[in-house]
Amino acid sequence: MRASDLLGATAYDPDGRQLGRIADLITDVDPDGAPVIRAVLVAPNRRVRLLGYERDEMSRPWLIDRIARWVHRDLREVSWDDVRLTRT
């Protein structure tokens, strides 16, 4: 599976409740050096374009910071183990 197959896909919790659309993937590297999905960023009921401003460690001007926080206010991190791509 490719990252592009996941981005924008609707994510569900293990009970089949809709979480929202996958906006970004959070990965780690396994002992063999292969990337492994650890979590996803989910935006409820809309597509979100992430430009890096949603990350707290990013330094940005005050106005852009306020706008980015407002635009990404519903964005949340969900463990990959708690995500299903189809309703159960």
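In case you missed it, the structure is sitting above this.
Keep in mind the model is a prediction, meaning the values are calculated, not measured. (Residues numbered from 1 in each chain as written. Predicted model: local features only at pLDDT ≥ 70, side-chain atom pairs only at ≥ 80, totals over all residues. Heavy atoms only, no water.)

Engineer: Would you explain the overall build of the protein in this entry?
Structural biologist: From N to C terminus, the protein includes two helices and four strands. Starting at the N terminus and ending at the C terminus, the protein contains elements arranged as α-β-β-β-α-β. When each of the 88 residues of the protein is scored for burial, the buried share is 33%. Counting only contacts in the protein whose residues sit at least 6 apart along the sequence, the fraction spanning at least 24 positions is 53%. Of the roughly 6,300 Å² that the protein leaves accessible, carbon and sulfur atoms contribute 49%. (Helix = DSSP H or I, 4+ residues; strand = E, 2+ residues; numbered from the N terminus. Buried < 20%, exposed > 50% of the residue type's maximum accessible area, 1.4 Å probe, protein only. Contact = heavy atoms within 4.5 Å. Areas by Shrake-Rupley, 256 points an atom, 1.4 Å probe, with all protein chains shown as cover.)

Engineer: For this particular structure, what's the right way to read the pattern of salt bridges?
Structural biologist: Proximity of charged atoms lets side chains of opposite charge pair with each other. Scanning the entire structure with this criterion turns up four salt bridges. The salt bridge partner of Arg17 is Asp13, with a shortest N-O separation of 3.0 Å. Overall, the relative accessible area of 52% leaves Arg17 in the exposed class. By relative accessible area, which is 10% here, Asp13 ends up buried. When the shortest N-O distance is used, the salt bridge between Arg38 and Glu77 registers 3.5 Å. Here Arg38 is found in strand E3 (residues 35-43), whereas its partner Glu77 is found in strand E4 (residues 76-79), with 39 residues between them in sequence. Its relative accessible area of 48% is what places Glu77 among the partly exposed residues. Linked by salt bridges that have partners in common, Asp13, Asp15 and Arg17 make up one network. (Salt bridge = Lys/Arg side-chain N within 4 Å of Asp/Glu carboxyl O.)

Engineer: Please explain a nonpolar patch on the surface as it appears in this structure.
Structural biologist: A surface patch of nonpolar side chains, amounting to about 580 Å² of accessible area, comprises Trp62, Leu63, Ile67, Trp70 and Val71. Looking at the element boundaries, Val71 is found in helix H2 (residues 62-71). For Val71, a relative accessible area of 31% puts it in the partly exposed group. (Patch = residues over 30% accessible without salt bridge, like charges linked within 9 Å, V, L, I, M, F, W, Y side chains within 5 Å.)

Engineer: Where do I start with the sheet that holds strand E2 (residues 18-29) in this structure?
Structural biologist: Whether parallel or antiparallel, the strands of a sheet pair through hydrogen bonds between backbone atoms. The strand order across the open sheet formed by four strands is E1-E2-E3-E4, and the pairing between neighbours is antiparallel. Pairing within the sheet leaves two strands with one partner each, and these edge strands are strand E1 (10-12) and E4. Strand after strand, the sheet turns through a mean of 55 degrees between neighbouring axes, direction not considered. Pairing of E3 with E4, which is carried by four bridges, proceeds in the antiparallel orientation. Considered in E4, the bridge of Ala39 is made with Ser79. (Pairing = 2+ DSSP bridges. Axes fitted to C-alpha atoms, helices over the stretch in contact; angles between N-to-C directions.)

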